[in-house]
Amino acid sequence: MIELSNVSKTYGNGAAAVHALKNANLTVPKGKIHGVIGLSGAGKSTLIRCVNLLERPTSGSVVVDGQEMTRLSSAALNRARHRIGMIFQHFNLLTTRTVFDNVALPLELMGQKRQAIRERVGPLLDMVGLTDKANQYPAQLSGGQKQRVAIARALASEPQVLLCDEATSALDPQTTGSILELLRDINRQLGITILLITHEMEVVKSICHRVSLISDGKLVEDAEVGEFFTAPRTQLGREFLNDFLQLTPPKELIERLSDTAGEHTHPVVRLTFSGDAVSTPLISRLARECGVDVSILQAKVESIQDRTLGLMIAELLGTPAQTQQAMTYLESHQLQVEVLGHVQRNV
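Figured I'd write up the structure that's included with this text. If you're wondering where the values come from, they're calculated on a predicted model, not measured in any experiment. Here the residue numbers are simple positions, counted from 1 along each chain's written sequence. It should be noted that, the model being predicted, local features are given only for residues of pLDDT at least 70 and side-chain atom pairs only at 80 or more, the latter also being counted only at that level, while totals for whole chains, interfaces and linings use all residues. Heavy atoms throughout the structure, all of them, feed into the side-chain values; hydrogens and water do not.

### Quick look at helix H3 (residues 99-109)
The condition that has to hold: Only protein chains enter the accessibility calculation, which uses a 1.4 Å probe; a residue whose area is less than 20% of its type maximum is buried, one above 50% is exposed, and one in between is partly exposed. The helix count covers DSSP runs of H or I at least four residues long, the strand count covers runs of E at least two residues long, and both are numbered beginning at the N terminus. Contacts are assigned to residue pairs that have any heavy atoms within 4.5 Å of one another.
For H3, the complete set of buried residues consists of Val 99, Phe 100, Asn 102, Val 103, Ala 104, Pro 106 and Leu 107. Looking at the buried residues of H3, the elements they touch are helix H4 (114-127) and helix H5 (143-155).

Written as structure tokens, this is what we have:
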């Protein structure tokens, strides 16, 4: 449904040029919800705006529903955009138009007759739960209600694709949850392909089938959501995951950590469990079989769609040979073992 091939976008020229996208490749199958996550300034907004050519790529190919967008005439591009809905962080509603008229705007621009507009807008307002707000103005609505109006407006032209540009970033957590549930329902009921960008891992966890990670204009990781949360392949992916799970060593331990292992140190490790390993008593077995003591500093279990993810930060207390045996044992049972550092042990 969406296929970006070697898409680059450069602003400016020469030494002042800003390379916002660098040979980005992205595929979103029909009917799927795909998230793109990254830090501020990573290129997320540029990427999504290249899909409907609000930003025209400097190079590369953009195919949406079988059409090469960069090769369309102005008239054909306008027609293609009617099949691509878009919602924004700050809603972009017209303050002088009612809820009904905001939703009706794309249909008016398409030259639809008033009766056809009424027949289309009514069910959309019902879908987003705003039938009773049809005659109100944006200033009379909450943030969540404004975003529901924006979603209804984006669906007015019966798009095949919905682009979401930080659609929940301006909302509180409870409202965010309700908007994400609405987007999930729209995807299920209408089969609309959704591409969303966000810096919030909770958004990805909640509704996405697949996620890509963007950094400095490059797509550096792409995975099913369950795989991304249980086994991110990049350091940035691990940092996003750790921030989301809020699993970091206590401050007093961080101050004692050293990168250097020695005869009188022991490792502090972050362990990632998934699948059967979550429910297997590996830690107690580890103590018995490897002769190490395990001091658990932090632990957490998360449900990620159809997977269970367990994380733990622990000190492995034993001789260097024993702790190395322990880490080998853990890795042999499909645990990810990341050594955060070493601390001096009592001898």
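### Some words on the sheet that holds strand S13 (residues 307-317)
Our working rule: Following DSSP output, two strands are said to pair if at least two bridges run between them. Orientation is described by axes fitted as lines to C-alpha atoms, over the contacting stretch for helices, and by angles from 0 to 180 degrees between their N-to-C directions.
Taking strand neighbours across the sheet as the criterion, the four strands line up as S12-S13-S11-S14 in an open arrangement whose pairing is antiparallel. Single-partner strands in this sheet number two, and they are strand S12 (293-304) and strand S14 (336-344). Taking the axes of each pair of neighbouring strands and ignoring which way they run, one obtains an average angle of 15° across the sheet. Across seven bridges, strand S11 (residues 265-274) lies against S13 in antiparallel orientation. By the bridge assignment for S13, Thr 272 is matched with Leu 311.

### As for the pairing of S12
Note on strand geometry: in a regular strand, side chains alternate between the two faces of the sheet. Sheet topology note: the S12/S13 ladder contains 11 bridges and is antiparallel. In the strand pairing of S13, Gln 298 is matched with Ile 313. Taking the residues that link successive antiparallel strands as the turn, the S12-S13 hairpin has two residues, and the phi of Gln 305 there is positive, at about 55°.

Bear in mind that shape data such as this cannot, by itself, settle questions of function.
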